[in-house]
Amino acid sequence: MSFDAKAVRRDFPILDRDVGDGRPLVYLDNAATTQTPECVSGAEKRYYDEYNANVHRGIHTLSHEASVAYEEAHDRLADFVGADGREELVFTKNATEAVNLVAYGYGLEHLGPGDAVVTTEMEHHAALVTWQQIAEKTGADVRYVEVDEADGTLDVDHAKEVIDGDVEIVSVAHVSNVLGTVNPVRELADLARDHGAVVLVDGAQSVPTRPVDVADLGADFLAFSGHKMAGPTGIGCLYGRRDLLEAMQPFLFGGEMIRHVTFDEATWNELPWKFEAGTPPIAEGVALAEAADYLDDLGMDAVRDHENDLAQYLLRELKARDDVETYGPPEGVERSGLVSFNVDGVHGHDLSELLDDEGIAVRAGDHCTQPLHDVLDVPGSVRASFYVYTTRDEVDALLDAIEDAREKRDALLASDRYHDRVGEHFRDSTGAGGLDAPTFRKHSSETSCGDDGEFHVDVADDGTIADIGFVSDSCAVSSAVASILADHLEGRPVEALADLDGEVEALLEGQFPAVRRECVVGPEDVIREGATEHLRDLRAGAGD
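First, a word on what this report is: a plain description of the structure on this page. Position numbers for residues count from 1 along each chain, tracking the sequence in the order it is written. Only residues with pLDDT of at least 70 get local features here, since the model is predicted, and only at 80 or more are side-chain atom pairs given and counted; chain-wide, interface and lining totals rely on the full set of residues. Side-chain numbers here rest on the full set of heavy atoms in the structure, without hydrogens or water.

### Examining the overall build of the protein chain
- Counting from the N terminus, the helices are DSSP H or I runs at least four residues long and the strands are E runs at least two residues long. Helix and strand counts for the protein chain come out as 20 helices and 22 strands.
- Here the globule rule reads 2.2 Å times residues to the power 0.38, and the radius of gyration is calculated from C-alpha atoms. In summary, the protein chain has a C-alpha radius of gyration of 26 Å against a globular reference of 24 Å for 544 residues, a match within 12%.
- Along the three orthogonal principal directions, the C-alpha set of the protein chain runs to about 70 × 65 × 55 Å.
- Residue burial is assigned from relative accessible area. The probe radius is 1.4 Å, only protein chains are included, and a residue is buried under 20% of its type maximum, exposed over 50%, and partly exposed in between. Burial analysis of the protein chain (544 residues in total) assigns 56% to the buried set.
- In the protein chain, 68% of the contacts between residues at least 6 apart in sequence involve partners at least 24 apart.
- For the protein chain, the computed accessible surface area is about 22900 Å², with 44% contributed by carbon and sulfur atoms. Working rule for contacts: check all heavy atoms of both residues, and any pair within 4.5 Å makes them a contact. For the accessible areas, the method is Shrake-Rupley and the probe is 1.4 Å, while residue cover comes only from the protein chains on display.

Rendered as C-alpha cells:
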C-alpha cells in the first residue's frame with residue numbers, strides 16, 4: 001500500500017495557509033526544518049497549560065509531573081535510536097551543540113599532536129568547523145574523505161587510506177544535506193574500530209527520515225535535531241555510549257548537572273543530567289517525544305520509501321531538462337528526500353524568489369557546506385526537500401515553476417517590485433569583469449553576505465576612488481547592486497567607502513522585496529569592509 005501523504009497533511013495546519021498572492025503553500029524546505037503536527041504542538045501546549053514547572057528537586061505536584069514527563073521523554077528518544085536507556089541520551093539545544101559536546105568533552109581530552117580526526121568533504125559546517133577548531137587547540141590533524149563529484153558518494157578506498165593508527169575520531173554525516181547520499185556508515189565505523197577510533201555520526205538528516213539504530217550503525221555517538229523530525233525547535237539529542245559519557249567531562253556548568261558543591265570543588269550528577277546544565281528544554285523534550293511517537297506510527301520504513309520515491313521522480317524529471325544540473329547519486333540509487341540542482345543562467349537566490357512567487361518554499365545557497373560546493377565547483381545550489389506530507393502534485397508544481405526561469409527572472413527585475421536602477425544595471429553593468437591591477441580587492445567569501453563575488457577598487461594618489469570593478473557569480477540582484485556601487489562611488493574619498501551605511505537602500509528608495517534585502521545590502525557590506533581593511537593597512541604601514 002502506498003504512503004498516503006494527503007491524509008498525513010491533515011495533521012499539519014500550516015500546510016493549509018496561502019502565501020504571496022493567495023497561492024497555496026508548497027513547502028519544500030524540509031531538510032532545513034520540518035513542519036509540526038498538531039499532536040506535537042498540542043503536547044507542548046499541554047505542558048504549559050497543565051504542569052509547567054521546573055524539573056527535579058521540586059517537592060510539589062507540578063514539578064513531579066514535569067520531571068516524570070521529561071525523564072520519560074529521554075526514554076522515548078533513546079528507544080527511537082536504539083540506545084540502552086536514558087543514560088545514553090542527552091538533550092541538547094540542537095545537533096550542532098551535540099557535536100560540540102563530543103568535540104569538547106571527548107575530543108579535547110583524547111587529541112594531541114600526531115593524532116587525527118577523519119571527517120568527509122560533504123560535512124555540514126557544524127561538524128567540519130568544529131573539528132577544525134578542536135584540531136587547532138590540540139595540534140591534531142583533520143583529514144577529509146573525498147567525495148566523488150560525479151555520483152556524490154564517498155570514496156571508500158580513500159577512507160581506507162586516511163583512517164589509520166593515528167586516527168582517534170571519525171566524524172561522518174549519515175546522510176548528506178546537499179547530495180542526499182546515504183553514506184556507508186557501518187563500513188566506516190568498522191574501519192575506525194580496527195584502528196581504535198570512536199565514531200560520531202551526524203544524524204541530522206537521517207534520524208528524521210529513516211530507521212536508525214546506533215548498534216547497527218556502529219556509532220559511539222549520534223547527533224540529531226528535533227526541528228527536522230516534526231518536533232519543536234530549540235532541542236536536539238546526543239546519543240553516547242554509556243562508558244564514554246561517564247568518562248567525559250562536561251563543558252557546560254551550573255545547576256542540574258552537579259551532585260555536590262563546596263567553595264573548593266564540585267562533583268557531577270549522574271547521566272544524562274551531567275551534560276544538561278541549567279533549566280533544560282522541558283516543554284521541547286515532551287513535544288519531541290510526541291514527535292517520535294508520531295513518526296513511529298507512520299513507520300520509519302514508510303517515511304524513507306516515500307521520500308526516496310519523490311526524490312527519484314524529481315531527479316528523473318530534472319535530468320530530462322537540458323538546462324538543469326543535478327547533484328548527488330544518480331537515478332535508481334537510494335537517496336534521502338532531497339534533490340539539489342541549478343538552472344543554467346539563473347542564480348539560486350533569483351530562482352528561489354521566483355518559486356516563492358508561486359508559493360513554493362525551497363532553500364538556495366551553500367546549505368552550510370561551502371567546501372562541498374567548492375568540490376562541486378559551483379557557488380551554491382537550489383535544494384528541494386520533502387517530508388511525510390509532501391505530494392507528487394507539489395513536486396509537479398516545482399517542475400512547472402522552473403520552466404522559462406531566465407525569462408521570468410528578467411521580467412521580475414523589470415517589474416515595479418524593483419527600482420528601475422536594478423533592471424538597468426543588470427542589463428548594462430558598470431565595472432563587470434573587474435580591474436587588472438586594483439589597489440585592493442575584497443571577496444564576499446570573507447564576509448557574511450552569502451553571495452560569491454569580488455570587488456576591485458583602484459585608489460588614486462589623492463585618495464579618491466579612480467575606478468571600481470567587480471567579478472561575480474552572485475545573484476542578479478547582488479550583481480546589479482555591485483554595478484550601481486561601481487557607478488555611484490567613483491570619485492569619492494576611500495574613507496567614504498569605509499563609512500557606507502544604508503546608501504544602497506537609499507539609492508533604491510527602498511524599492512525591492514523584503515526577502516531580498518540581504519542580496520541588496522550584501523555588496524555594500526563587502527566594499528565597506530574592503531575599504532576599512534585597506535585604510536587599516538595604510539595606517540599600519542605608516543606606523544612602520
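From this point, the narrative continues.
### Considering the packing of helix α11 (residues 300-319) against helix α14 (residues 392-401)
- Between N-to-C directions, angles span 0 to 180 degrees; the directions come from axes that are lines fitted to C-alpha atoms, helices contributing only their stretch in contact. Look at α11 against α14: their axes get within 10 Å of each other, and the N-to-C directions meet at 25°. With respect to their mutual orientation, α11 and α14 come out roughly parallel. You can see that α11 and α14 cross each other, and the crossing is right-handed. Listed contacts from α14 to Leu-310, Tyr-313, Leu-314, Glu-317 and Leu-318 of α11 are Arg-392, Val-395, Asp-396, Leu-398 and Leu-399.
- Basically, the charged four are Asp, Glu, Lys and Arg, the nonpolar ten are Ala, Val, Leu, Ile, Met, Phe, Trp, Tyr, Cys and Pro, and anything else, Gly included, counts as polar. Within the contact of α11 with α14, the residues separate by chemical class into 7 nonpolar, no polar and 3 charged. Any angle from 65 to 115 degrees is called roughly perpendicular, while one under 35 is roughly parallel, one over 145 is roughly antiparallel, and all others are oblique. Throughout, a crossing is termed right-handed when the near helix is turned clockwise from the far one, and left-handed when it is turned anticlockwise from it by less than a right angle.

### Concerning the sheet that holds strand β20 (residues 440-443)
- Sheet architecture is open: 3 strands sit in the order β20-β21-β22, paired in antiparallel fashion. The strands lining the two open edges of the sheet, one partner per strand, are β20 and β22 (465-472). Adjacent strand axes in the sheet meet at a mean angle of 15° when their direction is disregarded.
- Bridge analysis of β20 against strand β21 (residues 453-459) gives 4 bridges, and the strand direction is antiparallel. When the sheet's bridge partners are listed, Phe-440 is paired in β21 with Val-457.
- Relative to the sheet, helix α17 (residues 476-488) contacts β21 and β22, its axis offset from that of β22 by approximately 170°. For two strands to be treated as a pair, DSSP must find no fewer than two bridges joining them.

### Digging into empty space enclosed by the protein
- A 1.4 Å probe that fits but cannot get out identifies a cavity on a 1 Å grid over protein atoms alone, an open set with protein on both sides within 12 Å along at least five of seven lines counts as a pocket, and a residue lines either if it has an atom within 4 Å of a point. Grid points are joined across faces, edges and corners, and a volume is the space filled by probe spheres set on the points. This structure, assessed with the given rule, holds 3 cavities of 30 Å³ or more.
- Volume-wise, the largest cavity comes out at about 90 Å³.
- Looking at the largest cavity, it is lined by 15 residues, and the ones nearest its centre are Asn-30, Ala-31, Gln-205, Thr-209 and Phe-386.
- Considered class by class, the residues forming the lining of the largest cavity number 6 nonpolar, 7 polar and 2 charged.
- The wall of the second largest cavity is formed by Thr-92, Glu-97, Leu-101, Pro-250, Phe-251, Leu-252, Lys-274 and Phe-275.
- Classifying every residue of the lining of the second largest cavity gives 5 nonpolar, 1 polar and 2 charged.

### A closer look at the pairing of β21
- In terms of burial, β21 is a largely internal element, 6 of the 7 residues being buried.
- Sheet topology note: the β21/β22 ladder contains 7 bridges and is antiparallel. From the neighbouring strand, Glu-454 faces β22, where its bridge partner is Val-471.
- Following β21, the chain reverses through 5 residues before pairing antiparallel with β22; Gly-463 in that reversal takes a positive phi of roughly 85°.

### Brief notes about the pattern of salt bridges
- The salt bridge criterion pairs a side-chain nitrogen of Lys or Arg with a carboxyl oxygen of Asp or Glu, the two atoms within 4 Å. By the definition in use, this model includes 37 salt bridges.
- Across the pair Arg-76 and Asp-293 runs a salt bridge whose closest N-O atoms are separated by 2.4 Å. Taken together, the residues span a long stretch of sequence, with Arg-76 in helix α3 (residues 61-80) and Asp-293 in helix α10 (residues 282-298) at a distance of 217 residues.
- Look at the salt bridges and you will find they share partners, linking Asp-350, Glu-353, Asp-357, Arg-417 and Arg-516 into a network.

### Quick look at the nonpolar core
- Side-chain atoms within 4.5 Å are what join buried Ala, Val, Leu, Ile, Met, Phe, Trp, Tyr and Cys residues into a set we call a nonpolar core. With 76 residues, the main nonpolar core has Leu-77, Phe-80, Leu-222 and Met-229 as its most contacted residues.
- For this core, the element with the most residues is α10, which contributes 10 residues.
- Phe-80 has contacts with Val-207, Val-212, Met-229, Ala-292, Leu-295, Asp-296 and Met-300, leaving out every residue within four places of it along the chain.
- Counting 64 residues, the second-largest nonpolar core is a separate cluster that includes Phe-341, Val-459, Ala-480 and Leu-508.

### Focus on α11
- For α11, spanning 20 residues, the distance from its first C-alpha to its last is 28 Å, which sits close to the expected 28 Å at 1.5 Å a residue.
- By the burial criterion, the buried members of α11 are Met-300, Val-303, His-306, Glu-307, Asn-308, Leu-310, Ala-311, Gln-312, Tyr-313, Leu-314, Leu-315 and Leu-318. Multiplying 1.5 Å by the helix residue count minus one yields the expected span of that helix.

### Let's talk about unusual backbone geometry
- Following Leu-271, the chain continues to Pro-272 via a peptide bond in cis, the omega torsion being 0°.
- Positive phi, close to 75°, is recorded for Arg-57, a residue that is not glycine.
- By the element assignment, Arg-57 lies in the loop between α2 (38-50) and α3.
- Note on Arg-57: relative accessible area 64%, which makes it exposed.
- Positive phi is not limited to glycine here, since Glu-256 has a value of about 75°.

These figures come from the coordinates and say nothing about function on their own.
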